[in-house]
Amino acid sequence: MKATGISTCYRNVLPFTNSSLSFKFRSDSAFSLIHHSNFVNKRNFSKFSRSIVSATMEASFKAEEARVPAALPLPTPPVTKFKIALCQLSVTTDKERNIAHAKQAIEDAAGKGAQLILLPEIWNSPYSNDSFPVYAEDIDAGGDASPSTRMLSEVSRSLKITIIGGSIPERTGDKLYNTCCVFGTDGKLMAKHRKIHLFDIDIPGKMTFKESKTLTAGVRPTIVDTEVGRIGIGICYDIRFQELAAIYAARGAHLLCYPGAFNTTTGPLHWELLQRARAADCQVWSYFFCTYLNQLYVATCSPARDSGSSYVAWGHSTLVGPFGEVLVTTEHEETTLIAEIDYSVIEQRRTYLPFQKQRRGDLYQLVDVDRLNSTGAN
C-alpha cells in the first residue's frame, strides 16, 4: 500500500485496535505493518504518524531549492535594539531651504536617540518631471556638485548615525536617476540605490505620471551592512514588486527601507497594504519611507502633503513589524516618528510561522540573477 497523505494513513490505520500493530514510514511514502509494543493506543500513534508524514512531505518539497542561489542565513546584527526616525518632511521649490530643513530634522531626531534616520523620496526637489533635471546632482562628483549628499555625509559623521537618505534626482552623464544614498557613522557613502521600477501609471481621470519620461531605471538590487543591521533598499514603486523584497530576504536582510511618495489616488488603497504585505511575506522589519523566510521589518517615509503642488503626496510614513503589524504611523502633516526596532522579534515570528521550511522548491524558484552571476554567489 502507498500512503499519499495523512487522510490516507488514517483511513488505513484507524480500524486496527490491536496495540501491538503499528506502521513504519519510509521516505518513499510507503509503509508496512510491524510489531511494536510502544504504540499502545491510536492517539499516540496518530501523533507519531503525523510527525513522520509531515517530515516526509517537507523533505519532498525541497524548500532549500526555492531560492537560487541558496538563501543566506540571517547574520547576527551588530545591535539587537535601536531607535529609527522617519522624517516626513515638507518639500518646497527652494533647494537650499530643503537641505537645511532636512539637516535640522536629522539633528532633532538624533538628539532623541535615533541611530537610524530615514528621509522621504525626492526630499530636495518638487516631485515632477520638470523639476528632476533642474534639481539633479552629480553624486559621484560630490562637494558643490552634490550639496544634498554633502550635507548627509557631514551630519552622519558629526552625529555618528546611519542615514538612509531618502532619494534625490541624480545626474550621471546624460542620464537621470531617482537615487537613495546610505551614509555610515563615519560619513562615508556605503551604498547607492537607483530606483529599479519606474513609476509609470495611467488611471484615467485620476492619476497619470510617467517617470520614464525623464528618469532611467536602476539595474541592481541594493543591500548594505550597517551599524544597525543588514538593510535592503527600495524606492516607492519598488515596494510593489515582492520579488525584490524576497531577494533581500534571501540575502539575509533584517530590515527593508522604502522612501516613497505615494499619491492621494494610490495611497489610500495600497500604501499600508503593501508595507504590511512585504513585512509579513518577508518576515523582516519594513520601513517604507528576507533571511530566507522573508518576515522582516519594513519602514516607509513619505514627504508631507502639499495640496497646492502638482503632485500631492499621501504622507502616512509607517513602521511595520515582521508579523505585518503596524507599529507606528502618522497622517499627512510634517512630523518625525521615532520608534524602537527589536530584531529578536524576527526569529520569534519565524518560529511561529516557519514557512521557510514549507516552500515548494519542487514547484517554483526565485532566482537572484545578480547574486548568481557574481563570484561565489555571496
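Each chain has its residues counted from 1, following the order in which its sequence is written. Given that the model is predicted, a residue must reach a pLDDT of at least 70 before its local features are reported, and side-chain atom pairs must reach 80 or more before they are shown or counted; all residues, however, enter totals for whole chains, interfaces and linings. In computing side-chain properties, one takes all heavy atoms of the structure into account and sets aside hydrogens as well as water.

## Some remarks on the overall build of the protein chain
Counting from the N terminus, the helices are the DSSP runs of H or I reaching at least four residues and the strands are the DSSP runs of E reaching at least two. Helix and strand counts for the protein chain come out as nine helices and 20 strands. Counting the 378 residues in the protein chain, one finds 52% classified as buried. For the accessible areas, the method is Shrake-Rupley and the probe is 1.4 Å, while residue cover comes only from the protein chains on display. Summed over all atoms, the accessible surface of the protein chain reaches about 16,700 Å², with 52% contributed by carbon and sulfur. Think of it in three bands: residues with accessible area under 20% of the maximum for their type are buried, residues over 50% are exposed, and the middle band is partly exposed, with areas taken using a 1.4 Å probe on protein chains only.

## Concerning helix α3 (residues 95-111)
By this rule, a helix spans an expected 1.5 Å times one less than how many residues it contains. When the terminal C-alpha atoms of α3 are compared, their 24 Å separation across 17 residues agrees well with the 24 Å that a helix rising 1.5 Å per residue should span. When α3 is considered as a whole, its buried residues turn out to be Lys 95, Asn 98, Ile 99, Ala 102, Ala 105, Ile 106, Ala 109 and Ala 110. Viewed end-on, α3 has its buried residues packed into an arc of 130°, placing them on one side of the element. Exposed side chains of α3 directed beyond 90 degrees from the buried face belong to Glu 96 and Gly 111. Working rule for contacts: check all heavy atoms of both residues, and any pair within 4.5 Å makes them a contact. Buried residues in α3 make contact with β4 (81-88), β5 (116-118), α4 (131-135), α5 (147-159), β6 (162-164) and β19 (335-342). Any pair of N or O atoms that falls within 3.5 Å is considered a polar contact. Within protein, one atom must be able to donate a hydrogen and the other to accept it, and sequence-neighbouring residues count only if both atoms are side-chain atoms. Measuring from the side-chain oxygen of the N-cap residue of α3 to the backbone nitrogen of Glu 96 gives 3.2 Å; that N-cap residue is Asp 94. Where α3 terminates, the next one or two residues include Gly 113, which has phi positive at roughly 100°. Taken from the helix axis, the directions to the C-beta atoms give the arc we talk about.

## With respect to the side chain of Gln 88
Tracing the sequence through the fold places Gln 88 in strand β4. Gln 88 gets classed as buried once you look at its relative accessible area, which sits at 0%. Separated by 3.2 Å, the side chain of Gln 88 and the backbone nitrogen of His 316 make a polar contact. In terms of polar contacts, Gln 88 uses its side chain to reach the backbone carbonyl oxygen of Glu 331, at 3.1 Å.

## Considerations on the state of the cysteines
Here, the term disulfide refers to a pair of cysteine sulfur atoms separated by no more than 2.5 Å. Considering all chains together, one arrives at zero disulfides under this definition. Counting only cysteine sulfurs, Cys 180 is the nearest neighbor of Cys 181, a cysteine outside any disulfide, at a range of 6.7 Å. Among the residues examined, Cys 181 registers a relative accessible area of 1% and is labelled buried. No disulfide involves Cys 257; its nearest neighbouring cysteine sulfur is the one of Cys 180, lying 8.1 Å away.

## A few points about the nonpolar core
Put simply, a nonpolar core is a bunch of buried Ala, Val, Leu, Ile, Met, Phe, Trp, Tyr and Cys residues held in one set by side-chain atoms that sit within 4.5 Å of each other. Counting residues in hydrophobic clusters, the biggest one holds 45 residues, and the most contacted among them are Ile 164, Ile 231 and Leu 319. Apart from residues lying up to four places away in sequence, Ile 164 is in contact with Leu 116, Ile 117, Leu 118, Leu 119, Cys 180, Cys 181, Val 182, Ile 231, Ile 233 and Cys 257. Ranked by size, the runner-up nonpolar core spans 22 residues in total, among them Cys 87, Ile 99, Ile 117 and Phe 183.

## Some words on the pattern of salt bridges
Salt bridges are counted wherever a side-chain nitrogen of Lys or Arg sits within 4 Å of a carboxyl oxygen of Asp or Glu. Considering all chains together, one arrives at 14 salt bridges under this definition. Across the salt bridge formed by Glu 170 and Arg 194, the nearest N and O atoms sit 3.0 Å from each other. Remark: Arg 194 occurs in strand β9 (residues 189-194) and Glu 170 occurs in strand β7 (residues 168-172); sequence separation between them is 24 residues. What you see here is one network of salt bridges that share partners, running through Asp 140, Glu 170, Lys 192 and Arg 194.

## Side note on the pairing of β9
Bridge count for strand β8 (residues 175-183) against β9 is five bridges, and the pairing is antiparallel. When the sheet's bridge partners are listed, Cys 180 is paired in β9 with His 193. Strands are labelled as partners when DSSP assigns at least two bridges between them. Between β8 and the antiparallel strand that follows it, β9, lie five residues; Gly 187 among them carries a positive phi value of about 85°.

## Brief notes about the packing of aromatic side chains
Aromatic ring pairs: the centre-centre distance and the angle between the two ring planes describe each pair. Two aromatic rings from Phe, Tyr or Trp, using only the six-membered ring of Trp, form a pair when their centres are within 6.5 Å; if the ring planes differ by under 30 degrees the pair is stacked, by over 60 it is edge-to-face, and anything between is tilted. This model, assessed by the stated rule, comprises nine aromatic pairs. On the numbers, 5.6 Å between centres and 75° between planes, the contact of Phe 209 with Tyr 311 is edge-to-face. With a relative accessible area of 8%, Tyr 311 lands in the buried category. These aromatic residues form a ring-pair network of at least three members: Tyr 127, Phe 132, Phe 199, Phe 209, Tyr 237, Phe 241 and Tyr 311. Over the aromatic face of Tyr 177 sits the side chain of Arg 194, whose NZ or CZ is 4.0 Å from the ring centroid. To sit over a ring, a charge needs its Lys NZ or Arg CZ within 6 Å of the ring centre and within 35 degrees of the ring normal.

Read these as geometric descriptors, not functional statements.
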